[in-house]
Amino acid sequence: WNTSNCSNVTISNLSYNVPINGSQTVWPTSTTTYTLTANGSNGGTQTSSVTVSVNGSNNICEISSFTASDTSIDEGDYITLRWNSDNCIRVKISNIGDVALDGSKKIYPDGDTTYILTAYNSNGSSQTESVRINVDEKNDNNNLNCEIDNFTANSTYIKQGDAVTLRWDTTDCDSVNISNLGSVSRDGSRIVYPTSTTTYVLSAYGDRSASRTILVNVDYNQIIIPVTPIYNTNVVTTVATNISQTGAQVNGLITSTNFTSANVYFEYGTDINLGSRTTSRTISSNTSFSDYLTNLSPRTIYYFRAVSEGTTGISRGSIEVFQTLGYVTNNNNNNVQTIRQVVVQGTTVYGSQSPIMLKIENKYQTIGVGDAIDYVVSYKNISSSKLTNPMVQVFIPKGITLTNLSRGTYSDNSRTVSIPIEDLFPNAEGTIFLQARVDSIEASLAQIVTTAVLVYTNPNGAQENAMAYVLNNPRNLNLLGASSYFGNMFGFGLLGWLLLIILILLLILLARTFYMRRNVAPVEVHHQQY
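One numbering rule holds for all chains: residues counted from 1, following each sequence as written. Only residues with pLDDT of 70 or above have their local features reported here, since the model is predicted, and side-chain atom pairs are shown and tallied only from 80 upward, although totals for entire chains, interfaces and linings are computed over all residues. Water and hydrogen atoms play no part in the side-chain values, which are based on all heavy atoms of the structure.

**Q** Account for the overall build of the chain, naming residues and giving values.
**A** Helix and strand content of the chain: two helices and 41 strands. Pairs of residues are marked as contacts when any of their non-hydrogen atoms sit within 4.5 Å. Restricting to contacts in the chain with at least 6 residues of sequence separation, those with at least 24 account for 61%. All accessible areas in this document rest on Shrake-Rupley with a 1.4 Å probe, and a residue is counted as covered only by the protein chains that are shown. Here the chain displays about 29900 Å² of accessible surface, and carbon together with sulfur accounts for 48% of that area. Helical segments are the DSSP runs of H or I of at least four residues, strand segments are the runs of E of at least two, and each set is numbered from the N terminus.

Structural data, given as structure tokens:
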């Protein structure tokens with residue numbers, strides 16, 4: 001220590017006087033704070049402290065855990081905060097005040113809130129942990145769901161150049177979009193002049209999302225049954241994550257072993273025609289990939305799909321949809337504020353670098369309408385570090401209805417199951433069970449993907465995630481498309497093929513009948529008298 005213009009100096013925990021400048025060797029047996037007090041000739045006093053932490057000491061204040069029973073709730077619901085501390089003399093929680101050193105408390109947050117737990121040591125030092133609670137506020141219309149009441153066309157079979165009138169009505173929806181037309185009013189009609197067979201998709205968004213589809217067939221003289229394109233064969237479009245007001249991360253998956261390497265990119269846009277794309281990059285087979293879209297418009301519906309170019313040509317994933325977040329006006333100061341996203345997934349860590357082993361499985365490879373699906377999600381911390389604030393999310397595919405889950409909450413609007421879990425210490429693991437029912441399957445899909453994401457905070461304080469997928473094949477794959485394909489082979493129409501098949505079946509039946517008659521043995525009848 002060194003001082004200037006001081007008349008005497010003392011150091012706490014030392015029983016002898018010390019010079020105004022000097023050094024001293026000490027042998028503390030436990031963590032100790034030494035406070036130097038310097039007195040001036042004019043009566044002034046100054047202090048300075050240093051704490052020596054001793055290895056093996058049992059009196060270091062630490063926060064063992066700080067968790068919430070749920071991190072995403074509806075307005076009016078409650079959560080339970082739980083915490084544990086070691087060797088601390090005082091603990092407080094923001095918005096609550098001083099609490100017990102270990103305990104739990106039921107609270108009813110009325111808006112998005114971050115609770116910060118602060119634990120104090122005897123020497124005045126402190127540690128903090130935080131947990132974020134997101135509250136879905138109820139609106140003024142008793143939380144009614146957005147619904148499409150009807151979506152019709154006055155004709156679905158027309159000649160090229162003819163007009164079609166589309167009509168629609170919705171209830172409690174904030175925004176409505178029709179593919180090929182863009183944003184439209186919540187109720188209304190529109191005259192269109194399709195030049196070729198066109199699918200119009202009406203998408204409505206509010207407290208939940210809904211969609212309806214109309215196919216308008218266009219030809220001069222005859223109705224042509226269109227061949228349904230097949231998507232999700234070699235490349236699969238998964239989900240959009242990290243959605244903000246002006247950006248989103250889009251994700252895809254190469255599933256074909258024929259693609260030893262492939263050029264991949266994403267197509268995206270504000271209608272089903274897409275129109276924009278990301279830069280191509282080369283990846284290996286059976287690999288996840290993603291890209292981050294920027295410069296998007298707030299509160300806007302975007303369509304996207306994954307595309308791969310490999311040895312067998314171009315393959316496209318199905319078109320998926322997300323909506324960027326909007327803005328809300330603060331009535332107190334009229335400043336525009338951003339709406340916070342419910343869950344920020346952070347960076348996706350792949351392969352051996354990931355500290356998490358994550359799997360999602362179900363029993364059957366092939367599924368059909370009416371089938372029940374049992375999903376099993378398993379996870380394990382395979383790193384040597386503690387991972388905090390973890391949450392598992394499962395994105396349920398369209399046409400599949402969730403019927404039961406072992407824990408967590410389900411949002412029908414985003415079709416997402418969210419399960420907050422305890423902090424993951426090294427080798428900590430767990431299992432989550434979900435049950436679902438197949439209500440419908442799009443005829444254009446070759447594979448149906450269900451995505452699981454485990455979000456966590458690493459020891460450096462950065463949010464990361466691990467992703468896992470399970471793929472299922474539809475039981476009846478594109479029979480209409482196959483019939484149309486074979487119907488055009490060899491110059492036959494579809495009706496010609498059906499008549500040919502019926503003729504073949506009749507010939508087989510006649511041949512079997514003739515053969516059986518020729519090979520029936522005569523029957524002798526004997527009469528016996530009694």
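Next comes the rest of the account.
**Q** Residue-level account of the packing of aromatic side chains, with values.
**A** Two aromatic rings, drawn from Phe, Tyr or Trp (for Trp, its six-membered ring), form a pair once their centres lie within 6.5 Å of each other, and the interplanar angle then sorts them: stacked below 30 degrees, edge-to-face above 60, tilted otherwise. Tallying each qualifying case throughout the model produces four aromatic pairs. On the basis of an interplanar angle of 45 degrees and a centroid distance of 5.2 Å, the ring pair of F266 and F289 is categorised as tilted. Placement of the pair is F266 in strand β22 (residues 261–269) and F289 in strand β25 (residues 288–293), with a sequence separation of 23 residues. Think of it in three bands: with a 1.4 Å probe and only protein chains considered, a residue is buried below 20% of the maximum accessible area for its type, exposed above 50%, and partly exposed in between. With relative accessibility at 1%, the residue F266 sits in the buried group. Through a chain of ring-to-ring contacts, the aromatic side chains of Y302, F304 and F322 assemble into a single cluster. Here K106 stacks its cationic end above the ring of Y78, 4.4 Å away from the centre of that ring. Distance and angle both matter: a charge sits over a ring if NZ of Lys or CZ of Arg is within 6 Å of the ring centre and within 35 degrees of the ring normal. Directly above the ring of Y265 sits R277, whose terminal nitrogen or CZ lies 3.6 Å from the centroid.

**Q** An account of the state of the cysteines is needed here, citing residue identities and associated values.
**A** The disulfide criterion is simple: two cysteine sulfur atoms within 2.5 Å. Taken as a whole, this structure holds two disulfides when the rule is applied. Here C146 engages in a disulfide with C173; their sulfurs sit 1.9 Å apart. Around the S-S axis, the bridge from C146 to C173 shows a dihedral of about 90 degrees and counts as right-handed. With C146 in the loop between β11 (126–136) and β12 (147–153) and C173 in strand β15 (residues 173–178), the pair connects residues that are 27 residues apart, well separated along the chain. Disulfides within the chain link the bonded cysteines, taken in sequence order, as 1-2, 3-4.

**Q** Which residues make up the pattern of salt bridges, and what are the values?
**A** What makes a salt bridge here is a side-chain nitrogen of Lys or Arg within 4 Å of a carboxyl oxygen of Asp or Glu, nothing more. In this structure the tally under the stated criterion is nine salt bridges. E267 is the salt-bridge partner of R305, the closest N and O atoms lying 2.7 Å from each other. In this pair, R305 sits in strand β26 (residues 301–310) while E267 sits in strand β22, placing the two residues 38 residues apart along the sequence. Between D423 and K386 there is a salt bridge, and its shortest N-O distance comes to 3.8 Å. Here the residue D423 occupies a position in the loop between β38 (416–420) and β39 (429–438), and K386 occupies one in the loop between β34 (372–381) and β35 (388–395), the gap between them amounting to 37 residues. For K386, a relative accessible area of 24% corresponds to the partly exposed category. Bridged by salt links that share partners, the residues E267, R305 and R316 form one connected network.

**Q** Which residues make up the pairing of β39, and what values go with them?
**A** The two faces of β39 differ: G430, I432, L434, A436 and V438 on one face are buried, but E429, T431, F433, Q435 and R437 on the other face are not. In short, DSSP must find at least two bridges between two strands for them to pair. Sheet topology note: the strand β36 (residues 400–405)/β39 ladder contains five bridges and is antiparallel. Directly across from L402, in β39, lies its bridge partner A436.

**Q** For the sheet that holds β39, give the residues involved together with the corresponding values.
**A** Sheets are built from strands that pair by backbone hydrogen bonding, the pairs being arranged parallel or antiparallel. Taken in spatial order, the four strands line up as β32-β34-β39-β36 in an open sheet, and their pairing is antiparallel. Both edges of this open sheet fall to β32 (356–362) and β36, since each of them pairs with a single strand only. If you compare each strand with its neighbour and ignore which way they point, the axes differ by 25 degrees on average. In this structure, β34 lies alongside β39, joined through nine bridges in antiparallel fashion. Following the sheet pairing, V376 is matched in β39 by F433. Axis lines are fitted through C-alpha atoms, for helices just across the contact stretch, and the angle between N-to-C directions can take any value from 0 to 180 degrees.

**Q** Provide a residue-level description of the sheet that holds strand β1 (residues 8–11), including the pertinent values.
**A** With antiparallel pairing, the three strands of this open sheet are ordered in space as β1-β2-β3. Across the chains shown, the open sheet's two edge strands, defined by having one partner strand only, are β1 and β3 (45–52). Across the sheet, the axes of successive neighbouring strands diverge by a mean angle of 15 degrees, strand direction being ignored. Inspection of the sheet shows strand β2 (residues 32–39) paired to β3 by eight bridges, in the antiparallel sense. Considered in β3, the bridge of L36 is made with S48.

**Q** Quick rundown of the environment of I400? Include the residues and the values.
**A** When you line up the elements, I400 lands in strand β36. Residue class for I400 comes out buried when judged on its relative accessible area of 2%. Put simply, I400 and I441 are 41 residues apart on the chain and 8.2 Å apart in space, counted from C-alpha to C-alpha. Dropping the residues within four chain positions of it, I400 is found in contact with I367, I373, Y375, R415, A436, R437, V438 and I448.

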